[in-house]
Amino acid sequence: MLMPKRVKYRKQHRGRMTGKESRGVDVNFGDYGLQALEPAWVSARQIEAARRAIVHHMRRRGTYWVRVFPDKPITSKPAETRMGKGKGEVEYWAAVVRPGRVMFEVAGIDDEIAREALRLASHKLPIRTQIITRIEYGGEAGE
């Protein structure tokens, strides 16, 4: 499962997920991508489940890229614990995903297999997504 090798601080504040993503919004490596349409914390388990769905459907053909990494520690206190006594222990790691972020990319396989692999992966994620294709830039800028 994905998680950082080491971090500067063990626990983080929750933070905000407002606004759209500005980086990682284009398909840069593959031909097809799975783009997030909602903000969420996507856990390492969910990322791994989606990755395995893609690999399973592609049957060792083509290439895939995972464009998100779970580097946010999510803490929780044990059940039936009284208030106070500090912040809970790290339960799992999550990636902060904002709308527009391309989470997975695939290449080297035909259209229907790529779309089906990404569709299956989208069912493993807690957010709405859409499948996008690479935009080929032809000619000079401004044409």
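None of the values given here were measured: they were computed from a predicted structure.

Chemist: Just to check I follow, could you spell out helix H2 (residues 111-122) for this structure?
Modeler: Since there are 3.6 residues in each turn of an α-helix, residues three or four apart along the chain are aligned in direction. An ideal rise of 1.5 Å per residue puts 16 Å on 12 residues; H2 measures up with 16 Å between its terminal C-alpha atoms. Residues of H2 that are buried: Ile-113, Ala-114, Ala-117, Leu-118, Ala-121 and Ser-122. Looking at the buried positions of H2, the neighbouring elements they touch are strand S1 (32-36), helix H1 (44-58), strand S6 (102-107) and strand S7 (129-133).

Chemist: Mind showing me how you'd approach the pattern of salt bridges here?
Modeler: A pair can form between side chains of opposite charge whenever their charged atoms are brought close. Enumeration over the complete set of coordinates arrives at 8 salt bridges. Among the ionic pairs, Arg-115 bridges to Asp-111, the shortest N-O distance being 3.2 Å. Pair noted here: Arg-115 and Asp-111 are both in helix H2, with a separation of 4 residues, about one helical turn. Note on Asp-111: relative accessible area 36%, which makes it partly exposed. Here Arg-119 and Glu-116 are joined by a salt bridge, their closest N and O atoms 2.7 Å apart. Here Arg-119 and its partner Glu-116 are both found in helix H2, 3 residues apart, which amounts to about one turn of the helix. Assessed through its relative accessible area of 26%, Glu-116 is described here as partly exposed.

Chemist: Can you walk me through the sheet that holds S6 in this structure?
Modeler: Two orientations exist for strands paired in a sheet by backbone hydrogen bonds: parallel and antiparallel. Taken in spatial order, the 4 strands of this open sheet run S3-S6-S1-S7, and their pairing is antiparallel. Of all the strands in the sheet, just strand S3 (63-66) and S7 have a single pairing partner and so form its edges. The sheet shows a mean angle of 20° between the axes of neighbouring strands, direction not considered. Alignment of S3 against S6, held across 4 bridges, turns out to be antiparallel. Counterpart to Thr-63 in the pairing with S6 is Ala-107.

Criteria and thresholds
Residues numbered from 1 in each chain as written. Predicted model: local features only at pLDDT ≥ 70, side-chain atom pairs only at ≥ 80, totals over all residues. Heavy atoms only, no water. Helix = DSSP H or I, 4+ residues; strand = E, 2+ residues; numbered from the N terminus. Expected span 1.5 Å × (residues − 1). Buried < 20%, exposed > 50% of the residue type's maximum accessible area, 1.4 Å probe, protein only. Contact = heavy atoms within 4.5 Å. Salt bridge = Lys/Arg side-chain N within 4 Å of Asp/Glu carboxyl O. Pairing = 2+ DSSP bridges. Axes fitted to C-alpha atoms, helices over the stretch in contact; angles between N-to-C directions.

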